[in-house]
Amino acid sequence: MRVVILTNAFPYHPGEQFLEDEIGYWARQSDAITTVLPAVAEGSPRPLPPGVAMDLSMVKPGTARRLPYIARAVFSKLFRNELRYLRQSDKLCRRTVVRAMLHVSKVMQQADALVSYARRNGVIDVAYSYWNDTQAYAAVLARGRGAVRRVVTRAHGIDLYQERRFHEYMPLKRQFIGSFDRIFALSTEAQGYLKRTYAAPPEKITIIPLGVPLVPGLSQPSPDGSLHIVSVSFCLPVKRMDRIIEGLRLFASKHETFKVRWTHIGAGPLLDEMREMAQARLGDLPNMEFSFAGELPNDAVKRYYLNMPVDIFMNTSESEAIPVSIMEAMSTGVIAIAPNVGGVSNLVSAECGVLLSKNPTYKEIADAIAVLAFDHARNDLRVNARKAVEERFDAAKNYPSFIHDVLSIGAS
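Residues numbered from 1 in each chain as written. Predicted model: local features only at pLDDT ≥ 70, side-chain atom pairs only at ≥ 80, totals over all residues. Heavy atoms only, no water.

Draft legend 1. Here's a closer look at the overall build of the protein. Across its full length, the protein holds 14 helices and 13 strands. A compact globule built from 412 residues should have a C-alpha radius of gyration of about 22 Å, and the protein, at 22 Å, falls within 12% of that. With respect to the three principal axes, the spread of C-alpha positions in the protein is 70 × 50 × 40 Å. Burial statistics for the protein: of 412 residues in total, 56% are counted as buried. Looking at the protein alone, contacts between residues at least 24 apart form 73% of all its contacts between residues at least 6 apart. Carbon and sulfur atoms make up 53% of the accessible area of the protein, which totals about 17300 Å². Charge separation in the protein, taken as the distance between the mean sites of 50 positive and 42 negative side-chain charges, equals 9 Å. (Helix = DSSP H or I, 4+ residues; strand = E, 2+ residues; numbered from the N terminus. Rg over C-alpha atoms; globule rule 2.2 N^0.38 Å. Buried < 20%, exposed > 50% of the residue type's maximum accessible area, 1.4 Å probe, protein only. Contact = heavy atoms within 4.5 Å. Areas by Shrake-Rupley, 256 points an atom, 1.4 Å probe, with all protein chains shown as cover. Lys, Arg positive; Asp, Glu negative; His and termini not counted. Charge placed at Lys NZ, Arg CZ, Asp CG, Glu CD.)

Next up, the structure:
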């Protein structure tokens, strides 16, 4: 069976680091010829395991090659339908029209790339798109041209929640959502959102969460009187990192005898701004230390939890699916603080941390840190954190189950 995995950039950097765990399970499928087709290829790729190939057919072309597709897009039915939706939903403006046109042109270009790939290598039995975005839509068009037999897609967060897009506009999704052979959602909350917001056919949605490998060791707690808090995220407005900083300031100011350390792992456009804010708001506190580690490889983040005492993982994001970053921390026994957004409540609870409100105040965050810092049952919470991942988010269970479902669809 020929399977293509459509990614944004993987195995190239940045992002999609969670595919590093999943791809190993694809490599074990002796009955599947698996090829990764990224849309972006810059720098040096991450190594792929034996049994998984890479093809650059879908890599984004230069501007000159995009122009004919933009011209085609303007006169296409896809674009006309999208304009109709924008007018009816009162989202019509110059920016949304341009986005619609560019997305249509990109889908057309990627569909042609898939058809060309199939002509050279044979018909694709299953096109699996890691994101429910243009590559997934392109695979649907390529299926209509006989190049693909089945199309399946995951739906995460940025490709699911329209609130995270300008004007709450998710280009083309409503036109394609009913055309997939299967949509893999990460949680019941995501499943409900797909049905409510985009009228996704419920019979085509399967819930299978992502997963993380379970390592033998566990992170160690800090000595009494000390607290090490870690956050991992791309520095974007949606991550609301200012709330972490202000929550830490409130906690450290109130509990002056407590030695508090915060480490943020991750880069992004707001990194310098957040570093400056941390210096301004936390730099004058004698019991507070902080550092920004920048972007780290996924395996380095995993080692960090095992090599350093870590007590709390902090997330204050405005929108999430079920963050793998929290899974990875909890799998090593680190307790979590996170807001009740997306599918976070499937992972974080009072048994293994603190589930904040959707829009937590600085005081709520500081109080949550205090609850965990002074809880004599912290060791029990750490055990429960690991147990929660073992029961629901173990890569050794979730990825084989997912791949079995994908291959079964391809064989049907």
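Okay, back to it.
Draft legend 2. Examining the environment of Phe-251 more closely. Locating Phe-251 in the fold gives a position in helix α8 (residues 241–254). Here the alpha-carbon distance between Phe-251 and Met-288, two residues 37 residues apart in the chain, equals 9.9 Å. Beyond its immediate chain neighbours, meaning those up to four positions away, Phe-251 contacts Leu-227, Phe-258, Val-260, Ala-366, Ile-369, Ala-370, Ala-373 and Phe-374.

Draft legend 3. Summary view of the layout of surface pockets. Taken as a whole, the second largest pocket spans an internal volume of roughly 240 Å³. Every residue along the wall of the second largest pocket is listed here: Pro-221, Ser-222, Asp-224, Gly-225, Phe-258, Ala-373, Phe-374, Asp-375, His-376, Arg-378, Asn-379 and Arg-382. Here the lining of the second largest pocket gets three residues from one element, more than from any other, and that element is helix α13 (residues 378–392). Split by residue class, the lining of the second largest pocket holds four nonpolar, four polar and four charged. (1 Å grid on protein atoms, 1.4 Å probe; cavity = no way out; pocket = protein on both sides within 12 Å on 5 of 7 lines; lining within 4 Å. Points joined across faces, edges and corners; volume = space filled by probe spheres on them. Nonpolar A, V, L, I, M, F, W, Y, C, P; charged D, E, K, R; others polar.)

Draft legend 4. Fine view of the packing of aromatic side chains. Summed over the entire model, instances satisfying the criterion amount to 15 aromatic pairs. For the ring pair Tyr-25 and Tyr-399, a centre distance of 5.9 Å and an interplane angle of 45 degrees mean the geometry is tilted. Pair noted here: Tyr-25 is in helix α1 (residues 19–27) and Tyr-399 is in helix α14 (residues 395–411), with a separation of 374 residues, a long-range link. Chaining the aromatic ring pairs together yields one cluster made of Trp-26, Tyr-128, Phe-184 and Phe-402. Over the ring of Phe-402 we find Arg-154; its NZ or CZ atom is 3.8 Å from the centre of that ring. (Phe/Tyr/Trp six-rings, centres within 6.5 Å; stacked < 30°, edge-to-face > 60°. Lys NZ or Arg CZ within 6 Å of the ring centre and 35° of its normal.)

Draft legend 5. Quick peek at the pairing of strand β6 (residues 182–185). Direction of pairing for strand β5 (residues 148–154) relative to β6: parallel, over a ladder of three bridges. The residue of β6 that forms the bridge with Val-152 is Arg-182. Of the pairings in the sheet, the one linking β6 to strand β7 (residues 205–207) comprises three bridges and is parallel in character. Bridge pairing in β7 places Phe-184 opposite Thr-206. Once the chain exits β6 it traverses helix α7 (residues 188–198) before rejoining the sheet at β7, and the crossover so formed is right-handed. (Pairing = 2+ DSSP bridges. Right-handed = clockwise from strand over helix to strand, strands pointing away.)

Draft legend 6. Expanded view of the sheet that holds strand β3 (residues 52–54). Pairing within the open sheet is parallel, and its seven strands lie in the order β3-β2-β1-β4-β5-β6-β7. Both outer strands of the open sheet, β3 and β7, are each paired with one neighbouring strand and no more. Each adjacent strand pair in this sheet contributes to an overall mean axis angle of 25 degrees, direction not counted. Pairing of strand β1 (residues 2–7) with strand β2 (residues 33–38), which is carried by six bridges, proceeds in the parallel orientation. Within the sheet, the bridge partner assigned to Ile-5 lies in β2 and is Val-36. Sheet strands touched by α1: β1, β2, β3, β4 (124–129) and β5. Its angle to β1, the strand with the most contacts, is close to 175 degrees. (Axes fitted to C-alpha atoms, helices over the stretch in contact; angles between N-to-C directions.)

Interpretation note: all reported values are geometric properties and have no functional meaning in isolation.
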